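Tertiary structure, described
Residues per chain, in single letters:
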Amino acid sequence: MMKKISSHLGAIAYEDEYILIVDKPAGILIHPTVNERENTLYNYVADYYLRKNSSSGIHPVSRLDRNTSGLVLFAKNPAIQNLLSHQIMIKEYLGIAIGYLPSDEGIIEAPIARKENSIIERCVSPAGKYAKTTYRVLDRYKNKTLIQVRLFTGRTHQIRVHLAHIGYPLYNDNLYGIPGPQHRHALHAWKLSFPHPSSGKLLEVTRTMPDDLRKIIY
């Protein structure tokens, strides 16, 4: 049976004595900030540990934007966090792009840098750091394309920047698509795959696309 931390948070996707993987909904930050100290994934996990009388630490290994949903990995102690941060981790996403992507699959290799005079926005720039994203088309709809995306590097906003760079920004991404207030963009981290830090055996955890994104295309 799926264990719930909070009706707002979602479900625990996987847990053992070393790691915790949580299915984060859109709209929630991972870390507390000066302006938002309580309504974060970190706080929900802390409350979950408290209620189960666990002394486990909360050490984020992966991260997602506030308005991206999906799997977030936490280590339960600093040594495991350090080990996982140096392992190869396969991260795959489901996204809905605006437009009708003509190619069934593609590779985007374009360096990403912080946009001048912005603390949030990124852009493709020769002065940026190497970034690689691949995508595969799963289905096409009227002016929308459902894609499966894999990250090979972990730059801030990488998928959003790369898709906008090739002319197919994410649906509802008002930072890199049609300008406007930032809302829930159509991106979901559906798969994490990596060697388990204790056994070394491959661990693969998945979560299907949430209903709010399904309604966009179905």
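Preceding block: the structure.
Residues numbered from 1 in each chain as written. Predicted model: local features only at pLDDT ≥ 70, side-chain atom pairs only at ≥ 80, totals over all residues. Heavy atoms only, no water.

1. Focus on the overall build of the protein chain
- If you tally the helices and strands in the protein chain, you get 4 helices and 13 strands.
- For a compact globule of 218 residues, the expected C-alpha radius of gyration is about 17 Å, and the protein chain comes in at 17 Å, within 12% of that figure.
- Residues classed as buried in the protein chain amount to 48% of the 218 residues present.
- In the protein chain, once contacts between residues fewer than 6 apart in sequence are set aside, the share between residues at least 24 apart is 60%.
- Total accessible area on the protein chain stands at roughly 11,500 Å², and carbon and sulfur atoms take up 51% of it.
- Distance between charge centres in the protein chain, computed from 28 positive and 19 negative side chains, equals 1 Å. (Helix = DSSP H or I, 4+ residues; strand = E, 2+ residues; numbered from the N terminus. Rg over C-alpha atoms; globule rule 2.2 N^0.38 Å. Buried < 20%, exposed > 50% of the residue type's maximum accessible area, 1.4 Å probe, protein only. Contact = heavy atoms within 4.5 Å. Areas by Shrake-Rupley, 256 points an atom, 1.4 Å probe, with all protein chains shown as cover. Lys, Arg positive; Asp, Glu negative; His and termini not counted. Charge placed at Lys NZ, Arg CZ, Asp CG, Glu CD.)

2. A closer look at the packing of aromatic side chains
- Considering all chains together, one arrives at 1 aromatic pair under this definition.
- Note on Tyr48 and Tyr49: the rings are 5.9 Å apart at their centroids and 40° apart in plane angle, and the pair reads as tilted.
- Residue placement shows Lys132 over the ring face of Phe152; its charged tip is 4.5 Å from the ring centre.
- It is Arg140 that lies over the ring of Tyr100; its NZ or CZ is 5.3 Å from the centre. (Phe/Tyr/Trp six-rings, centres within 6.5 Å; stacked < 30°, edge-to-face > 60°. Lys NZ or Arg CZ within 6 Å of the ring centre and 35° of its normal.)

3. Concerning the pattern of salt bridges
- In total, this model carries 11 salt bridges according to the counting rule given.
- With a shortest N-O distance of 3.4 Å, Glu121 and Lys115 are connected by a salt bridge.
- Judged by relative accessible area, which is 37%, Lys115 ranks as partly exposed.
- Among the charged side chains, a salt-bridge network with shared partners connects Glu15, Lys52 and Lys76. (Salt bridge = Lys/Arg side-chain N within 4 Å of Asp/Glu carboxyl O.)

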